[in-house]
Amino acid sequence: MSAPKKHKLEDDEYMISPVYSPSTSMVGPPCSGLENKYLSRTLAHVLPDCLKEICQVRPEDPVEYLAHSLYTAADAEVEFYKKQIELTEQEIARKEQLLESTARSLNVQKLCAEIENLRLQLARLKQKKESLPAHSSQRRYS
């Protein structure tokens, strides 16, 4: 086997070991710069933990185990954003009630600004939740 080749994607340099791939019989970077950005954005935060768990558990079918782990992680992320949205909506309602009850106090402007900031935070949370990769919640592995 030859020595590992250095590849450069944007500003990051990494090593690729010469590995035989049955499907392509090629050695080289696994994906282009745009594909790398996509994978980094969608999987980089969960894939290392999933792969580490597979190495520890050593399941009979690691592909199925990985799929299950990725779906579980995606579900947890959706639930996290749902909870954050719910808490932010509750905080907005609480601040609006406080605003109504103290409409003549000096805190009116501060409360209005806090409500607006919470509304912006809510919009960002909803946008992040919507940008999560779609997955089939019907398909489950045990």
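Nothing here was measured: the structure is a model prediction, and the numbers come from that model.

Participant: Would you take a moment to explain the overall build of the chain for this structure?
Facilitator: When its secondary structure is counted, the chain shows 4 helices and 2 strands. For the chain, the N- to C-terminal ordering of α and β elements is β-β-α-α-α-α. Sequence separation of 24 or more characterises 44% of the internal contacts of the chain that already satisfy a separation of 6 or more. Here the chain has roughly 11000 Å² of accessible surface; of this, 55% comes from carbon and sulfur atoms.

Participant: What should I look at first to understand the nonpolar core in this one?
Facilitator: Taken as a class, soluble globular proteins show a tendency for nonpolar side chains to be buried jointly. Core analysis: the biggest nonpolar cluster contains 7 residues, these being Tyr 81, Ile 85, Ile 92, Leu 118, Leu 122, Leu 125 and Leu 132. Listing elements by their share of this core, those giving two or more residues are helix H3 (62-101) and helix H4 (108-131). The residues contacting Leu 132, other than those within four sequence positions of it, are Glu 77, Val 78 and Tyr 81.

Participant: Just checking my understanding: could you explain the environment of Phe 80 for this structure?
Facilitator: Within the fold, Phe 80 resides in helix H3. Residue Phe 80 is classed as partly exposed on the basis of its relative accessible area of 46%. Along the chain, Phe 80 and Leu 125 lie 45 residues apart, while their C-alpha atoms are 10.0 Å from each other.

Participant: Would you mind showing me how to read the pattern of salt bridges here?
Facilitator: In a structure, side chains of opposite charge can pair up when their charged atoms sit close to one another. Tallied over the entire structure, the rule returns 6 salt bridges. Through salt bridges with shared partners, one network takes in Glu 91, Arg 94, Lys 95 and Glu 114.

Participant: Any chance you could explain the confidence of the model for the chain here in plain terms?
Facilitator: Across the chain, pLDDT averages 78, with 69% of residues at or above 70. Low pLDDT (under 50) marks residues 1-21, which in the prediction has 37 contacts with non-local residues, meaning those over four places away or in another chain.

Participant: Could you clarify how one ought to interpret the packing of helix H2 (residues 47-57) against H3 in this entry?
Facilitator: Between two packed helices, the angle of one axis relative to the other and the distance separating the axes together describe the packing. Interhelical geometry of H2 versus H3 gives an angle of 140° and a closest axis separation of 10 Å. Considered as vectors, H2 and H3 are oriented oblique to each other. The crossing of H2 and H3 is right-handed. Across the interface between the two elements, Leu 47, Cys 50, Leu 51, Glu 53, Ile 54 and Val 57 of H2 pack against Pro 62, Tyr 65, Leu 66, Ser 69 and Leu 70 of H3. Considering only residue class, the contact of H2 with H3 consists of 9 nonpolar, 1 polar and 1 charged.

Participant: Hey, could you run me through the environment of Tyr 65 in this one?
Facilitator: For Tyr 65, the position within the fold is in helix H3. When its relative accessible area of 21% is taken as the criterion, Tyr 65 is described as partly exposed. With 15 residues separating them along the chain, Tyr 65 and Cys 50 place their C-alpha atoms 8.8 Å apart. Contact partners of Tyr 65, with chain neighbours within four places excluded, come to Glu 53, Ile 54, Val 57 and Pro 59.

The rules behind these values
- Residues numbered from 1 in each chain as written.
- Predicted model: local features only at pLDDT ≥ 70, side-chain atom pairs only at ≥ 80, totals over all residues.
- Heavy atoms only, no water.
- Helix = DSSP H or I, 4+ residues; strand = E, 2+ residues; numbered from the N terminus.
- Contact = heavy atoms within 4.5 Å.
- Areas by Shrake-Rupley, 256 points an atom, 1.4 Å probe, with all protein chains shown as cover.
- Core = buried A, V, L, I, M, F, W, Y, C linked by side-chain atoms within 4.5 Å.
- Buried < 20%, exposed > 50% of the residue type's maximum accessible area, 1.4 Å probe, protein only.
- Salt bridge = Lys/Arg side-chain N within 4 Å of Asp/Glu carboxyl O.
- pLDDT = per-residue confidence, 0-100.
- Axes fitted to C-alpha atoms, helices over the stretch in contact; angles between N-to-C directions.
- Parallel < 35°, antiparallel > 145°, perpendicular 65-115°, else oblique.
- Left-handed = near helix turned anticlockwise from the far one by under 90°.
- Nonpolar A, V, L, I, M, F, W, Y, C, P; charged D, E, K, R; others polar.

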